[in-house]
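Single-letter residue listing:
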Amino acid sequence: MAKSNYITRQGWNALDQELKFLWKEERPKVTQAVSDAAALGDRSENAEYIYGKRRLREIDRRVRFLMKRLEVLQIVDYHSRQEGKVFFGAWVELENEDGEVKRYRIVGCDEFDPAKNWISVDSPVARALIGKAVDDEVRVETPAGKVTLYINEIWYEK
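The rules behind these values
- Residues numbered from 1 in each chain as written.
- Predicted model: local features only at pLDDT ≥ 70, side-chain atom pairs only at ≥ 80, totals over all residues.
- Heavy atoms only, no water.
- Helix = DSSP H or I, 4+ residues; strand = E, 2+ residues; numbered from the N terminus.
- Contact = heavy atoms within 4.5 Å.
- Lys, Arg positive; Asp, Glu negative; His and termini not counted.
- Charge placed at Lys NZ, Arg CZ, Asp CG, Glu CD.
- Polar contact = N/O pair within 3.5 Å; in protein donor to acceptor, adjacent residues only side chain to side chain.
- Salt bridge = Lys/Arg side-chain N within 4 Å of Asp/Glu carboxyl O.
- Buried < 20%, exposed > 50% of the residue type's maximum accessible area, 1.4 Å probe, protein only.

S.K.: I tried to follow the overall build of the protein on my own but got confused; where do I start?
M.R.: Tallying secondary structure elements over the protein gives 3 helices and 7 strands in all. In the protein, the succession of α and β elements from N to C terminus is β-α-α-β-β-β-β-α-β-β. The principal-axis extent of the C-alpha atoms belonging to the protein is close to 70 × 35 × 25 Å. Summarising the internal contacts of the protein: among those between residues at least 6 apart in sequence, 58% fall at separations of at least 24. Both charge centroids of the protein, one from 27 positive and one from 28 negative side chains, sit 6 Å from each other.

S.K.: Which parts of the structure should I look at to understand the side chain of E93?
M.R.: Looking at the element boundaries, E93 is found in strand β3 (residues 90–96). Within the structure, the side chain of E93 is placed 2.9 Å from the side chain of R103, a separation counted as a polar contact. If we skip the residues at most four places from it in the chain, E93 touches V101, K102, R103, Y150, I151, N152, E153 and W155.

S.K.: What exactly am I supposed to notice about the pattern of salt bridges here?
M.R.: Opposite charge on two side chains makes pairing possible when the charged atoms of those side chains draw close. Within this structure, the stated rule accounts for 10 salt bridges. Notably, a salt bridge pairs D77 with R9, separated by 2.7 Å at the nearest N-O pair. Residue D77 is found in the loop between β2 (74–75) and β3, and its partner R9 is found in helix α1 (residues 9–38); the two are separated by 68 residues along the sequence. The class for R9 is partly exposed, based on a relative accessible area of 41%. Here E18 ties to R62 by a salt bridge, and the two come within 2.8 Å at their closest N and O atoms. Highlighted residues: E18 in helix α1 and R62 in helix α2 (residues 47–72), separated in sequence by 44 residues.

Below, the structure is given as C-alpha cells:
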C-alpha cells in the first residue's frame, strides 16, 4: 500500500524545523568535531573521528529524506465543510462493543504517534472512519478479528 502525501500544518512545521535544525545547527557542530578529531592524527583508531563521520552520514541521510519528503507533502488545513464528519486531521472519540472509549486523531503517515493517539490516515481504522458522522457504526478488520466501533464525538483543531 502506498503511503499518502497528506500532512497537517503542525506536522509539516515539525519536519521543517527538524530539517533546519539538522542543517544549520547539528551538521556544522558535528563537522567541526570531525575536523578537530582529524587534526589529531591517525584516523584509523580515532573513535571521535569514526563516530563523527558516522553521525554525519546519518544527518545527511535524514536531511536528504526530509528535503525530498517536504517537496511532495500536501498540507491539509481545516475547513468548515468538514464539521460533523470524519476527515483528515479530525479527532474522533470511539467506543467499542465493551464500552471502552478511546480518542484518536487522524494524521499523515509522517506524523503518526501511538503515544499521542495519532493514527495514520492510511491505517485500517482511519480508512473505515473517513466520511462517517457521529453515532455511525464502523466495522474494522483487525489482526484479532472484526471489531465494531461507534463514533461518539468528532472535533477539529482550528
